[in-house]
Amino acid sequence: MNILILQLVMLTDQQKANVEGEDEAMFVEYRKQLKLLLDRLAQVSPELLLASVRRVFNSTLQNWQTAPFMEVEVAIRLLYMLGEAIPASHGAHFCGDATKASALQDMMRTLVTSGVSAYHHASVTLEFFETVVRYEKFFTVEPIHIPNILMAFLDHRGLRHSSPKVRSRTSYLFSRFVKSLHKHMNTFVEDILTRIQDLLELSPP
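The name that an unreviewed UniProt entry assigns to the chain is Exportin-T, with the source organism given as Aquarana catesbeiana. Among the UniProt annotations of the chain, the heading Function (unreviewed entry) holds the following wording: "tRNA nucleus export receptor which facilitates tRNA translocation across the nuclear pore complex."

Structural data, given as structure tokens:
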């Protein structure tokens with residue numbers, strides 16, 4: 001498991017920044033192969049996989065401010081990939097198996113309270129929002145975190161990010177997040193509409 005995680009972080013910031021064309025396709029394929037290996041490890045020993053990911057995730061998130069972006073991205077990606085490696089019916093990851101539910105709930109709580117959404121690299125930002133939406137049922141268990149996540153979506157970390165790619169993807173993820181948690185959104189609707197009002201204006205040439 002440790003070897004797999006080391007392989008996930010083997011590309012440096014400069015290397016990934018220079019991945020283009022065929023090299024980029026090879027990088028994507030490489031990540032796919034590692035995901036398949038992760039899935040196989042889950043079949044052999046889901047408990048070991050869960051414990052290993054939890055250890056790496058918690059260790060990295062404790063020092064995310066000074067950690068290289070690849071390490072932070074991979075830590076969050078590992079949490080994201082657990083949802084497929086150790087699946088749950090209809091995304092119900094936070095009920096049933098108490099050990100798994102407790103571990104995932106603890107990692108999600110760390111993710112949304114650590115401040116890592118403010119990391120300066122777009123790859124980490126995207127991984128954060130992808131993971132938040134994958135585990136949207138966490139927010140029905142701990143709805144206290146919804147206001148902070150909505151703010152992350154609506155400010156410079158999400159819809160107002162400097163990167164068009166991040167803004168575009170975040171817009172889609174935000175719509176999914178709101179739709180999936182619509183029963184919890186009534187309190188926030190007016191504030192959301194106020195904050196995105198200027199983004200809804202069309203200025204045709």
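Once the structure has been displayed, the description carries forward.
*Asks:* Looking at this structure, I do not really get the environment of Ala-101. What am I missing?
*Replies:* Turning to its location among the elements, Ala-101 is positioned in helix 6 (residues 98–113). Sequence spacing of Ala-101 and Phe-138 is 37 residues, and the spatial spacing of their C-alpha atoms is 9.7 Å. Look past the residues within four positions of Ala-101 in its chain and what remains in contact with it is His-93, Phe-94 and Cys-95.

*Asks:* Help me out: how do you make sense of helix 4 (residues 46–62) in this one?
*Replies:* In an α-helix there are 3.6 residues to a turn, and that puts residues three or four apart on one side. Counted at 1.5 Å a residue, the expected span for helix 4 with its 17 residues is 24 Å, and the 24 Å between its end C-alpha atoms agrees. Here helix 4 has its buried residues at Leu-49, Leu-50, Ser-52, Val-53, Val-56, Phe-57, Asn-58, Thr-60 and Leu-61.

*Asks:* Mind showing me how you'd approach the side chain of Glu-142 here?
*Replies:* With respect to the helices and strands, Glu-142 occurs in the loop between helix 8 (138–141) and helix 9 (146–154). Among the residues examined, Glu-142 registers a relative accessible area of 12% and is labelled buried. Side chain to side chain, Glu-142 and Gln-105 meet in a polar contact 2.7 Å long. Not counting chain neighbours up to four residues away, the residues in contact with Glu-142 comprise Gln-105 and Arg-109.

*Asks:* Teacher, can you tell me more about the nonpolar core here?
*Replies:* Looking at soluble globular proteins, one finds that nonpolar side chains tend to be buried together. Counting 53 residues, the largest nonpolar core has Phe-139 and Phe-177 as the members making the most contacts within it. With residues up to four places along the chain from it excluded, the contact list for Phe-177 reads Val-132, Val-133, Phe-139, Ile-149, Leu-150, Phe-153 and Met-185.

*Asks:* What should I look at first to understand the packing of aromatic side chains in this one?
*Replies:* For any two aromatic rings, the description comes down to two numbers: the centre-to-centre distance and the angle of the planes. Inspection of the entire model under this criterion finds 9 aromatic pairs. Look at Trp-64 and Tyr-119: their rings are 6.2 Å apart centre to centre, the planes differ by 55°, and that puts the pair in the tilted class. One end of the pair, Trp-64, is in the loop between helix 4 and helix 5 (69–85); the other, Tyr-119, is in the loop between helix 6 and helix 7 (122–134), and 55 residues separate them in sequence. Residues Trp-64 and Tyr-119 agree in their burial class; the two are buried. Each ring, one from Phe-153 and one from Phe-177, has its centre 5.3 Å from the other, and the planes form 40°; the classification is tilted.

*Asks:* Explanation requested: the packing of helix 6 against helix 7 in the structure shown.
*Replies:* Between two packed helices, the angle of one axis relative to the other and the distance separating the axes together describe the packing. Where helix 6 meets helix 7, the closest approach of the two axes is 11 Å, and the angle between their N-to-C directions is 135°. Of the possible angle classes, the one that applies to helix 6 and helix 7 is oblique. Viewed along their axes, helix 6 and helix 7 form a crossing whose handedness is left-handed. Contacts between helix 6 and helix 7 involve Met-108, Leu-111 and Val-112 on the former and, on the latter, Phe-128, Thr-131 and Val-132.

*Asks:* Just checking my understanding: could you explain the pattern of salt bridges for this structure?
*Replies:* Pairing between side chains of opposite charge can happen when their charged atoms approach one another. Here the structure, examined in full by the defined rule, presents 13 salt bridges. Note that Arg-77 is salt-bridged to Glu-127, the shortest N-O span being 3.4 Å. Taken together, the residues span a long stretch of sequence, with Arg-77 in helix 5 and Glu-127 in helix 7 at a distance of 50 residues. When its relative accessible area of 22% is taken as the criterion, Arg-77 is described as partly exposed. With a shortest N-O distance of 2.9 Å, Glu-84 and Arg-134 are connected by a salt bridge.

Conventions we followed
- Residues numbered from 1 in each chain as written.
- Predicted model: local features only at pLDDT ≥ 70, side-chain atom pairs only at ≥ 80, totals over all residues.
- Heavy atoms only, no water.
- UniProt positions renumbered as here; feature names shortened; annotations may be inferred.
- Helix = DSSP H or I, 4+ residues; strand = E, 2+ residues; numbered from the N terminus.
- Contact = heavy atoms within 4.5 Å.
- Expected span 1.5 Å × (residues − 1).
- Buried < 20%, exposed > 50% of the residue type's maximum accessible area, 1.4 Å probe, protein only.
- Polar contact = N/O pair within 3.5 Å; in protein donor to acceptor, adjacent residues only side chain to side chain.
- Core = buried A, V, L, I, M, F, W, Y, C linked by side-chain atoms within 4.5 Å.
- Phe/Tyr/Trp six-rings, centres within 6.5 Å; stacked < 30°, edge-to-face > 60°.
- Axes fitted to C-alpha atoms, helices over the stretch in contact; angles between N-to-C directions.
- Parallel < 35°, antiparallel > 145°, perpendicular 65-115°, else oblique.
- Left-handed = near helix turned anticlockwise from the far one by under 90°.
- Salt bridge = Lys/Arg side-chain N within 4 Å of Asp/Glu carboxyl O.

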